[in-house]
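# Close look at the chain arrangement
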Amino acid sequence: MYQSSIISKIFLSFIALFSGKILQLTVKFILSLFVAKVLGPSQYGFWSMIELINKYSPLLMYGVANGVKRELPFWQGRNDKRKQQLTESSGYIGIAISTIIFATLSVIAFIYFDNELTKYAVSATFLSGGISQVYLYIYSLSLAKKKFSTASKLMVFEAILIVVITIMGVFIFGIYGLLIGNIIVPLVICSYYFKRNPIQNRLIFDRNIFFRIIKVGLPLLFVGMGYVFLFTVNRLIIPYYLPLEYVGYFSFSMLVVTLFSPIVASIGEILYTYMNEHVGHFNRVDNMDHLSIFPSLAISALLPCVLLPMIVVFPGLIEIYFPQYLNASTSIQIGLIIVAATVGGGVNILTSFMKQNLMLIFISYSIIINIILCNYFLKNGMGVDGAAIALLIASIVY
């Protein structure tokens, strides 16, 4: 009866979260296609390199959001209100410190760089990175408190703002409009959230709780950023062998991975919350493990059925709508195979929260394999397709 109730809650939570997630990802995917078409391969390649700042910005949060997402359900399971309040409060203070670091880096970048585009791009990206981490934290809090409908509404709101602000900005101002939109969108979302959900209690910093959050969260952060590390390898190695526009081809082809992978991860985010609460309440994880098996198998079977036909369709769409990215046609197909081949692991990585140190070892192996193969394939003239194949092999290991 207990297990049946949990499965029912997980299913309803997934429906609530998935509705917002699919809209958010679809809009972001369309935005990425639009940006790629407007900017062209060369400027899109430049943007892809600058965007690495955003990809790595969670490192300056030192795992606070990840730790709170695990610790808060744990204390909810133990019904310890005091520890819940201290965890959330210490997390807010940690995020405030992180945001100040981002703002400082933004000012330094503005002073340091001479090239106008680089100056504004790096400075604005650091600033948007800091604001985005606040958004990520309130999103993580919503998941940790099992407010999946709230998390879904945040994603829907983000999707609407992207359409209204970012796409319009890119259309009018090009890459500068993209930079402005990346600052305004998370800023508006955070302002809206705190207006609707003001912080009720006085923020209290508990050193022991805070270091516990970091101790738990930092390994989880590295595990969650596994694909970021893998993608970075290829983006940094490609310019060594090929012009910068080929980074644009590669980044464009991998958009399919960034579209579908988070859909899979949304199931993991829900399971993760319930499993942590379960561990806090019962002090064991034994009879929750099997709950991850069914959704994992279901997605592993269904999503590839959707993806594989796209392998045939996508090259034709590229030829019609994005002729400047024809060099990326084959690597797009490889990107779809990456998602289809690794979709089952996308659920299990997030739910294997007791084995994050083991996951870090697998990530290290994958990065080493990717570096070796990417260099080898590019050196032998395989181009962007070689980089995509290297990523595919490394992803399967991961």
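Residues numbered from 1 in each chain as written. Predicted model: local features only at pLDDT ≥ 70, side-chain atom pairs only at ≥ 80, totals over all residues. Heavy atoms only, no water.

## What about the nonpolar core?
- In this structure, Tyr44, Trp47, Tyr137, Phe252 and Tyr325 are the most contacted members of the largest nonpolar core, which totals 93 residues.
- Those residues in contact with tyrosine 325, other than ones at most four positions away along the chain, are Ala36, Lys37, Gly40, Pro41, Tyr44, Gly248, Tyr249, Phe252 and Ile318. (Core = buried A, V, L, I, M, F, W, Y, C linked by side-chain atoms within 4.5 Å. Buried < 20%, exposed > 50% of the residue type's maximum accessible area, 1.4 Å probe, protein only. Contact = heavy atoms within 4.5 Å.)

## Describing the pattern of salt bridges
- Tallied over the entire structure, the rule returns three salt bridges.
- Its salt-bridge partner being glutamate 158, residue lysine 28 comes within 3.2 Å of it at the nearest N-O pair. A residue pair is termed long-range when its members are at least 10 positions apart, and lysine 28 in helix H1 (residues 2-50) and glutamate 158 in helix H6 (residues 148-173) qualify at 130 residues.
- With a relative accessible area of 33%, lysine 28 lands in the partly exposed category. (Salt bridge = Lys/Arg side-chain N within 4 Å of Asp/Glu carboxyl O. Helix = DSSP H or I, 4+ residues; strand = E, 2+ residues; numbered from the N terminus.)

## Considerations on helix H9 (residues 226-241)
- Taking 1.5 Å per residue, 16 residues should reach 22 Å; H9 reaches 24 Å between its end C-alpha atoms and fits that length.
- When you tally the buried positions in H9, you get 12 out of 16 residues, the bulk of the element.
- By the burial criterion, the buried members of H9 are Gly226, Tyr227, Val228, Phe229, Leu230, Phe231, Thr232, Val233, Asn234, Arg235, Ile237 and Ile238. (Expected span 1.5 Å × (residues − 1).)

## A few points about unusual backbone geometry
- Phi is positive for tyrosine 62, close to 45 degrees, though the residue is something other than glycine.
- Tracing the chain through its elements places tyrosine 62 in the loop between helix H2 (52-56) and helix H3 (64-77).
- Judged by relative accessible area, tyrosine 62 falls into the buried class, the value being 19%.
- Of note, the phi angle at lysine 146 is positive, near 65 degrees, even though the residue is not glycine.
- Tracing the backbone shows lysine 146 in the loop between helix H5 (116-144) and H6.
- Note on lysine 146: relative accessible area 29%, which makes it partly exposed.

## Quick look at the packing of H3 against H5
- Contact geometry of H3 with H5 gives a least axis separation of 9 Å together with a crossing angle of 20 degrees. Between H3 and H5, the angle falls in the class roughly parallel. The two elements H3 and H5 cross, and the hand of that crossing is right-handed. Seen from H3, the contacting residues are Val64, Ala65, Val68, Lys69, Leu72, Pro73 and Gln76; seen from H5, they are Leu136, Tyr137, Ser140, Leu141, Leu143 and Ala144. (Axes fitted to C-alpha atoms, helices over the stretch in contact; angles between N-to-C directions. Parallel < 35°, antiparallel > 145°, perpendicular 65-115°, else oblique. Left-handed = near helix turned anticlockwise from the far one by under 90°.)

## Section: the confidence of the model for the protein
- Per-residue pLDDT for the protein has a mean of 78; in total, 77% of the residues score no lower than 70.
- The least confident element of the protein is helix H13 (residues 329-351), whose mean pLDDT is 58; the most confident is helix H4 (residues 81-112), at 89.
- Below a pLDDT of 50 lies the segment residues 344-353, which in the model reaches 30 contacts outside its immediate sequence neighbourhood of four places, other chains included. (pLDDT = per-residue confidence, 0-100.)

## Describing the side chain of serine 90
- By the element assignment, serine 90 lies in helix H4.
- Within the structure, the side chain of serine 90 is placed 2.8 Å from the backbone oxygen of leucine 86, a separation counted as a polar contact.
- Those residues in contact with serine 90 that lie beyond four places of it in its chain are Ile204, Phe205, Asp206, Ile209, Phe210 and Ile213. (Polar contact = N/O pair within 3.5 Å; in protein donor to acceptor, adjacent residues only side chain to side chain.)

## What to know about the environment of leucine 242
- Mapping leucine 242 onto the fold places it in the loop between H9 and helix H10 (245-253).
- Leucine 242 sits in the partly exposed class, given a relative accessible area of 22%.
- Spatially, the C-alpha atom of leucine 242 lies 9.0 Å from that of valine 384, the residues being 142 residues apart in sequence.
- Contact partners of leucine 242, with chain neighbours within four places excluded, come to Leu378, Gly383 and Val384.

## Examining the packing of aromatic side chains
- Under the criterion given, the structure shown has 16 aromatic pairs.
- The interplanar angle of 80 degrees and the centroid separation of 5.1 Å between the aromatic rings of tyrosine 112 and phenylalanine 113 together place this pair among those described as edge-to-face.
- In this structure tyrosine 112 comes out as exposed when scored by relative accessible area, which is 62%.
- Owing to a relative accessible area of 27%, phenylalanine 113 belongs among the partly exposed residues under this scheme.
- A network of ring pairs unites the aromatic residues Tyr62, Phe205, Phe210 and Phe211 as a single cluster.
- The ring of tryptophan 75 has lysine 83 lying over it, and the distance from NZ or CZ to the ring centre is 4.4 Å. (Phe/Tyr/Trp six-rings, centres within 6.5 Å; stacked < 30°, edge-to-face > 60°. Lys NZ or Arg CZ within 6 Å of the ring centre and 35° of its normal.)

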